[in-house]
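Per-entry structural report
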Amino acid sequence: GEEAMKSNVIHANFGPSVFSLFEKACAIDDVDPEEGIRLYRRALHLDPMCDEAMANLGRIYFRAGDLDLAETWWMRAVQTNRRAVDAYYNLGYLLLVKEDYRAAITQFEMAIGIEPDFADAYFNLAEALAKLGRREEARACLRTHIKLRGAWTDEARAALGVRLVK
């Protein structure tokens, strides 16, 4: 599946100090994950409802291979903000990696319900459906992915040609 972990958009409802901490964390978390974690946690201390910080903590822990902590943070993000599309998507991808296909499907469907043009969510939903033998639904999701992308991607062609035909 496509592993592109999505960063969250900064929302204008932060107070200036929370915004500043969040902005600094976003700028550094790829190169210095520990500092990113520290800054996101400080932002959460000031604003415990900052779902973007929760989601980005999930992304950091996922990249570090700590799937349990990643899942915990993404779950907190979607519980805090039921429209946290990136957290639903990333949670779905994590569950796909863990081979919990039914739960992954639920998360990808939540992401698509919020953002109907989310091409990568359709791609990964197709993979989870295919793993459960739901090939026609998987093909439909791949067709939607291709339509949204405006072209065939190599991964979509491979998935349609190999994974879903067998």
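Note that this is a predicted model, so its numbers are computed, not measured. (Residues numbered from 1 in each chain as written. Predicted model: local features only at pLDDT ≥ 70, side-chain atom pairs only at ≥ 80, totals over all residues. Heavy atoms only, no water.)

On to the overall build of the chain. Assigned secondary structure in the chain consists of nine helices and zero strands. Ordering the α and β elements of the chain from the N terminus gives α-α-α-α-α-α-α-α-α. Among the 166 residues that make up the chain, the fraction classed as buried is 48%. In the chain, once contacts between residues fewer than 6 apart in sequence are set aside, the share between residues at least 24 apart is 53%. About 8,400 Å² of surface is accessible on the chain, with carbon and sulfur atoms providing 52% of the total. (Helix = DSSP H or I, 4+ residues; strand = E, 2+ residues; numbered from the N terminus. Buried < 20%, exposed > 50% of the residue type's maximum accessible area, 1.4 Å probe, protein only. Contact = heavy atoms within 4.5 Å. Areas by Shrake-Rupley, 256 points an atom, 1.4 Å probe, with all protein chains shown as cover.)

Across all of its chains, the model carries five aromatic pairs by this definition. Ring plane angle 70° and centroid distance 5.9 Å describe the contact between Phe62 and Tyr93, whose orientation is recorded as edge-to-face. One end of the pair, Phe62, is in helix 3 (residues 51–63); the other, Tyr93, is in helix 5 (residues 85–97), and 31 residues separate them in sequence. By relative accessible area, which is 9% here, Phe62 ends up buried. Residue Tyr93 is classed as buried on the basis of its relative accessible area, which comes to 8%. An aromatic cluster of at least three residues, connected via ring pairs, comprises Phe62, Trp74 and Tyr93. (Phe/Tyr/Trp six-rings, centres within 6.5 Å; stacked < 30°, edge-to-face > 60°.)

A separate point is the environment of Asn81. By the element assignment, Asn81 lies in the loop between helix 4 (67–80) and helix 5. Asn81 gets classed as partly exposed once you look at its relative accessible area, which sits at 21%. Here the alpha-carbon distance between Asn81 and Glu52, two residues 29 residues apart in the chain, equals 9.1 Å.

Phi angles above zero are rare outside glycine, and Glu99 is one such case at about 65°. Mapped onto the secondary structure, Glu99 falls in the loop between helix 5 and helix 6 (101–114). Since its relative accessible area comes to 57%, Glu99 is described here as exposed.

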